[in-house]
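Report on the structure
The chain contents come next:
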Amino acid sequence: MVAVNPPPANEGYAVLVDIDKCIGCRACQVACKEWNGRGPTETTFSPTFTNPPTYTANDWKVVFFYEGTTKKGLTTPAGELVFEQVDIAPVPSQCLHCVNAPCARACPSGAISVTPEGAVVINKDQCIGCGFCENACPYDVPRRGSDGKYYKCTFCVDRIQNGKEPACVEVCPTGVFTFGPASQIVQMAQSEAAKGRTVYGLNLNPYVGGQVRWIYVSSDRRAFAIKQHFPKDAVVPTNEARELLKEIVPPLALVGAVGLTIIGVASWRKSRIEEQKSAQQQKA
Amino acid sequence: MTVTISRRGLLKISAIAALALGLPSAAQTPFIQQKTTWALGEIGGKLGLKSAKVTPTICTFCSMGCSIDFYTNGSSIIWTSGSPESYINWGALCPKGKAAYQLVDNPQRLDSPMIRTGPKPPPDEILSAKTWDELVAVLKRYPPRWEKVSWEQAFTYIANKLAAILNDWRSSTGAPVQKDGYYYVGSQNPVMVIGSSIVTNEEAYLSRKLAAFLGTSNTDSEYRKCHSSTVTALALTYGWGAETASIEDVALADVVLFFSNPAEAHPLSFYYFKKGQRERGTILIALNPNYSRTAEASDLWIPFRPGTDTAILNYILHYAFFERNPPIDQLPEFQRLMAQRWNITQDDLDDLKAMISEYDAQTVSNITGIPLDMLRTLAQLYVENSGVVTGHKKHGIIQWAMGMTQHTDAVLSIIRAAAIVQLLLGNVGYPGGGTHPFRGHSNVQGATDLQGGGLGVLPGYHAPPSTSLDVRIYQDWKLQGMPDAWSWEVPQWAVKSVGTSAPSKGSADVAKILAVFNFYGWRRFELLWGIYCGTVPPDDPVNGKVVCDIPLGTGVSETVFPSKVLEGSIKAAFIFGENPAVTDPNVKVTMAALSSLQLLVVSDIFETETAWFADVLLPAASFAEKEGTKTDGNRVTQWSWRAVPPRGQSRPDYWIIANLYKYLRKAGAILLPSEAAGVKSEEVKFRKRGQLIFVYERPLRPDYSWDYSGGTGAAQPVSDIEAEVNPRIINKEINFSTLIYQGIYDPVRDTFTTMRRDNSLRKPGEIDGTFSSTFKVYKNWGWSWPMNVRFMYNYDSLQVILGKPDVVTAAGQQWIVTGETGEIIDEFTGEYRPAFVPGHNFFAPKSFKRRLSGIADLFGGLDLLTFIRTGQKNFLGKFVVETDTGVQLLDFDTFASQTGMRYLWANDTLYWDQDTLSLKAFLKRIFYSGGGWRQFKPTYEKMRSLLRQYYQQLGDLKAATLKVIQEMGGWYKGYTFQWPIHAEPVESPIVDMAIQYPTLAWLNPYNLEVLNQQPSILQGKMVGVALEPKELQTMLQQLGINGVTVVMTTNRLTETWHSGSMNRRMPDLAELVPRPFAIISKKLAQQIGVNTGDYVELWTARGGIKVRAYVTEGEAYLNVNGQQVPVVNLLWSWSFEGPEAGPSGNFISPDVVDPVTTIQETKAWLGVIRKAPSV
């Protein structure tokens, strides 16, 4: 068995994604493709402006756009002004690199490793294309490529292991992403939460290890996008049930198999005895 | 059938199932070695990164000036990223910059020169198309059928054809022989030279130089269609047409009004806008009918009706003068600025206020569709955060782009209004108070500068001689020893023409200063281009023959060019790196014109839509395959290095143009007037004490001036291509020929200052050290015109904000400065000293003083042609020194040792003092003869009431308009346009508004041609304008089209770029926005019954296109004057060529133009929208 031994939540790296700073330019989406040498995706008109409309095997990072009506505030010479207005909020998204990645737990071939940095990486040479990772992911991230193998964001593991920030972090014009040691980033996220900002990525379902390494923060104005973008609960219930069963079933299966073997052997012996008996009777 | 399972069978299945379930966790491949470490670039195939060569280039997209590092191995590109050291992008990039490498290795790149063999699409067939699909069908029937040829064949073909056209013109008109001499009248020349705003400064300069040598003033570029209105309106108000401050300024503002969309068009600007938000809580307000990504990033979105910007700006002043207490004109700072820095009197202010009084909140709300409370909030925020109100503790910025510039009232009203608001609120010239028109293309500022803004103006904005009399006055000026304005005695016979009220030596006014500014430019070009402009003999300016190699007069603009071709007066065109077949308004007229040319030469990296009509297509090098300088939108000039060699046979435009010259010359296409007159050299003489002193003989060497081969010292050529045509030599030529670019090369140290990539701030005590360190301005990076000034008109900001003047030690002296001075090489020490002391002010350096006035030719008579090529300092000129005993002629060494000015050849001894820096901003500017507002008001009322009366009588706004023009003897006759007033677009959605605020378009006779569908080939075609909804609806009903009338405007997105010729061919960008769409509001969508993604048809007086609808709450559906006015934003960056083709927005936009600069009105026009009938 390949042990999935993820580093603890406060070790390795993490990223704070402040969507208030995002101008939706999608440089991160392009930088991701370029760094990882992923080819173009054939697209058409996108009704949500998000394009491609979701992740593909070539688009590991996608900026999702959400439209909503929201409260805006403004300090004017006449005093504070609060008003409702339309807003469109971009949410740059990729694999969240769960602290305990269900995809890695689900991978039967050991193709998904979790590095000491906390990067959850599909190693394509070992990927057998079974799709268990896709089923296991609560964020619908891994995508099957035309070669039958699965692809997703690697946390730019080949950059962060060599002293560089992820490509999307580096390219961002407005500093949406803060990359750093997980302990520091989590602390930043907690202090943003304490200021009353909406934070996504802490205190999640144990299914993802209770926390992810790409933590999102937004003001009230853009909180609607966070709500729309992320699932209510970071869990895939069927897979969770399967994992529970996994814990129970193997010992039971062993017991069952042994039991069955005993029964089988007993029944074989019984039938052998009966056969022998009847043979003896025939002889006799 | 029933399935029966025996007990034993069930047991077996259970066992297998149990094992299978347990397998994934219990029986995973236990011995696999998991990969846990990766080398840099291993995942994306970039393992060569570590040993890669890193070359900084300047991005080819927008005007921010971001640096892109190319990581290469030989000619292959491994990776590109933002340069971490750049103070503009700090390692970041936008998606266009990030994907820009895809322009270099692109399968669609042209790799060989090509000559057309197929017939061109017939103009009449093009013009007859009513829909985009019909047009594409016509065009595709006439493909170019290119034949690949060698460069030599292509150049020879072009040269022979052009020589035939020009010789034909010369023999039929006699040019350049004129009755009083030898010169070309530039507008009559049948050649047009267009482009580009994307090439380097050296290339733009060379294309302008080529036009001059061809004898044409018909020169223009993309800037005509983007910011020509900005440049003109700002230059006429502040002295210069550029953005007033560099990008660091936006982080110092307290409030920003975006009449624009920089989050999409200039994403990296948001590094600094966000810095302001973070550090000082800058309030961002987005005025835009569309909820753009700038609106997303702003505190407040104010949707308004396109084309009503002036009304909004005038209301801001209305609030300031009439609603706030006390009114701003009672504030001491207002009064100080009015006395010291604006050109207005109390009477002028009263006249302005009389006009402003009419723009009360309700009136402006009715015009713009902005609710009252929102308008008031806007005005309060802007005025209360202004310099004049806060004593310069706070400032506001007006930031704009095409949304403001592309209107028929852009110069006279909209941008003038912005410029005036900034002045009156005390923002201009103070940190955080810039006037920020963000430019479009990567080098549009530089190309504008070095092509003089087009129309035959010379590099650096020196207007060409307009008549032969100008040349005579110029010759007299030369005889006076090339004096500055204060040393110039305007001869009696020239006073009227110069228009000066200070003709005598010792004094100067603006007219005199501007005349000398032009003369000074002509002289520099004479020296650097090896040509002649003056009289023969030079001694007799009044009666001699005028011989001038600089074409006289201004020429045709790019927007008017198509009609000149269709009329037959322009027969050939060169288009370098530009795509007017997509970017021109009413584009089928442009296509018809391009098809009608006898010779069209296009140089580009792809087969663009414009190339479809070309006779010869030349493969240009991409931005990363050549070197040279680019000037970003806020005037910072940076060097872009060559990262990889040109692909295939492609070549840099500098190589193409310089070689073109040689072939054109050989074929006899170029004939200089001085050659026709037999002038081979110039006898330089100075008039001293009533006598003419012979100073020196200057040989004319026009061909030598085109020899850019070789290069020494810092100008070592970087490859074989540059050894043939070296942009570093061209760069040096610009440094000496173009006053505002003086400083890009340091001849004392032999360094190119634009190559400086030092992001440190200067320290107090250094030149502009206090300014740099206090306001965080990166003055050690690159070079900025003028004289490395970053925040223009920054005359006294240190004094006003810090409360005391600053002391600078430089060139062995102490200097007391009050603002930003910039720097210039000192003629005594060769070190840098502050240039504009005590601070830069309006119009500087158009106003300057010159120590060598009356003493020596420019740069002391140094043989500059040789110097820039070899570094050898030969002084052809002498120094004329008057002594008690007489006039002495000294050589350089003697003069230099007597005066100490050993470096006079480096700076031409220019300097600025209180006289030169005392010019005031032209808050009041006269555009036409007539009176001020109060005087004009009765005429205005009469014009409106006649228009209403005739409209009611005739039921037709066009007929009523023509009748008013006839009856009143003109349009807006009698108004100077000294103040900006709101005027409707030509195609107004509300006829009452069109009558109440008549469009300014008819001030320009060209627009009347458009109105009357001239020239004749346009008659009966769908190419005109509809002045009101009723007219458009009637026109379309005849075609069976009914729908909802909307106000149309156009826009780009972050992912799209102008004509789309680049981004549509870049897979990573095409993926993000593959096709055009129209952005419509939910309310309009319901009205016409479409959902997002459904196809809609958009119809105008020019035809119809079909695109998908993008439905959102973020699009204006306004209540204007009690009427419902939906707005539609159309993405326009598509056309028929390349893999991602789509309907062109400009197929349906109008080609009416601004009366002053002829910029097109593509931001506010009328359309009819309906759900596309299913086929």
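Residues numbered from 1 in each chain as written. Chains lettered and ligands numbered in written order. Predicted model: local features only at pLDDT ≥ 70, side-chain atom pairs only at ≥ 80, totals over all residues. Heavy atoms only, no water.

Next up on the list: the overall build of chain A. Scanning chain A from N- to C-terminus turns up eight helices and ten strands. Over its C-alpha trace chain A gives a radius of gyration of 26 Å, far above what one expects of a compact globule, namely 19 Å for 284 residues. Its C-alpha atoms put chain A at 115 × 40 × 40 Å along the principal axes. Burial analysis of chain A (284 residues in total) assigns 57% to the buried set. Contacts in chain A between residues far apart in sequence, at least 24 positions, make up 66% of those at least 6 positions apart. (Helix = DSSP H or I, 4+ residues; strand = E, 2+ residues; numbered from the N terminus. Rg over C-alpha atoms; globule rule 2.2 N^0.38 Å. Buried < 20%, exposed > 50% of the residue type's maximum accessible area, 1.4 Å probe, protein only. Contact = heavy atoms within 4.5 Å.)

Okay, the sheet that holds strand β8 (residues 177-181) of chain A next. Residues and elements named next belong to chain A. Across the sheet, which stays open at both edges, the four strands sit in the order β8-β1-β10-β9 with mixed pairing between neighbours. At either margin of the open sheet sits one strand with a lone partner, and together these are β8 and β9 (198-200). Across the sheet, the mean angle separating the axes of adjacent strands is 20° when strand polarity is ignored. The pairing of strand β1 (residues 13-18) with β8 spans five bridges and is classified as antiparallel. Opposite L16, over in β8, you have T178 as the bridge partner. Lying over the sheet, helix α6 (residues 182-194) contacts β1, β8, β9 and β10 (214-218), oriented at roughly 130° with respect to β8. (Pairing = 2+ DSSP bridges. Axes fitted to C-alpha atoms, helices over the stretch in contact; angles between N-to-C directions.)

Here we come to unusual backbone geometry. All names here are of chain B. In this chain, N325 is followed by P326 through a cis amide linkage whose omega measures 0°. Here P326 lies in the loop between α12 (309-323) and α13 (332-340). In this structure, the amide linkage connecting Q1014 to the following residue, P1015, adopts the cis form with an omega of -5°. Structurally, P1015 is set in the loop between α39 (1005-1011) and α40 (1029-1037).

Attention now goes to the state of the cysteines. Under the defined criterion, the tally for this structure stands at one disulfide over all chains. The disulfide bridge from C533 of chain B ends at C548 of chain B, spanning 2.2 Å between sulfur atoms. Residues C533 of chain B and C548 of chain B are joined by a disulfide whose S-S torsion is about -95°; by sign, that bridge is left-handed. With a gap of 15 residues between them, C533 of chain B in strand β15 (residues 533-536) and C548 of chain B in strand β16 (residues 545-552) connect regions that are remote in the sequence. With respect to burial, C533 of chain B and C548 of chain B carry one shared label: buried. This cysteine, C168 of chain A, is not joined by any disulfide, and C156 of chain A carries the nearest cysteine sulfur, 6.2 Å off. Judged by its relative accessible area of 7%, C168 of chain A is buried. (Disulfide = S-S within 2.5 Å.)

Here we come to the nonpolar core. Of all hydrophobic cores here, the largest spans 445 residues; its most connected members are Y139 of chain A together with Y972 and I1080 of chain B. For Y139 of chain A, the residues in contact, after removing those within four places along its chain, are Y55, L96, C98, Y200, L204, V208, V212, F230, P231 and A234 of chain A. Counting residues in each nonpolar core, the second largest holds twelve residues, with F771, V777, V808 and V817 of chain B among its members. (Core = buried A, V, L, I, M, F, W, Y, C linked by side-chain atoms within 4.5 Å.)

Below, the discussion takes up the domain arrangement of chain A. Residue and element names in this part refer to chain A. We note that the domain assignment places domain 1 (13-235) and domain 2 (236-284) within chain A. Placing the centre of domain 1 and that of domain 2 at their C-alpha centroids yields a distance of 49 Å. Every contact between the two is made by ten residues of domain 1 and, on the other side, seven residues of domain 2. Across the domain 1/domain 2 interface, buried area totals approximately 630 Å², and carbon plus sulfur atoms make up 44% of it. Contact with domain 2 buries surface across domain 1, with R105, Y207 and V235 losing the most and accounting together for 58% of the total. (Domains from an automatic or database assignment. Buried area = accessible area lost by both parts, 1.4 Å probe.)

With that settled, consider the environment of V777 of chain B. Tracing the backbone shows V777 of chain B in the loop between α31 (769-775) and β26 (783-784). Aside from chain neighbours lying at most four places away, what touches V777 of chain B is S246, E248, L761, F771, S772, R790 and F791 of chain B.

Let us now look at the environment of K148 of chain B. Residue and element names in this part refer to chain B. Mapped onto the fold, K148 is located in strand β5 (residues 146-148). A C-alpha to C-alpha distance of 27 Å links K148 and S197, two positions 49 residues apart in sequence. Apart from residues lying up to four places away in sequence, K148 is in contact with D111, S112, P113 and M114. A polar atom in the side chain of K148 sits 3.0 Å from the side chain of D111. (Polar contact = N/O pair within 3.5 Å; in protein donor to acceptor, adjacent residues only side chain to side chain.)

The next point concerns the confidence of the model for chain B. With 97% of its residues at a pLDDT of 70 or more, chain B has an overall mean of 96. Under a pLDDT of 50 for its full length, residues 1-5 of chain B has, in the predicted model, one contact with residues more than four places off or in other chains. (pLDDT = per-residue confidence, 0-100.)

For the rest of this paragraph, the subject is the pairing of β1 of chain A. All names here are of chain A. Within β1, five of the six residues are buried, which leaves the element mostly enclosed by the surrounding structure. Looking at chain direction, β1 and β10 are connected through four bridges and run parallel. In the sheet register, D18 faces β10, and the bridge partner there is V217.

Taken together, L254, V258 and I262 of chain A make up a surface patch of nonpolar side chains, about 300 Å² in accessible area. Position of I262 of chain A relative to the elements: it lies in helix α8 (residues 237-283). (Patch = residues over 30% accessible without salt bridge, like charges linked within 9 Å, V, L, I, M, F, W, Y side chains within 5 Å. Areas by Shrake-Rupley, 256 points an atom, 1.4 Å probe, with all protein chains shown as cover. Salt bridge = Lys/Arg side-chain N within 4 Å of Asp/Glu carboxyl O.)

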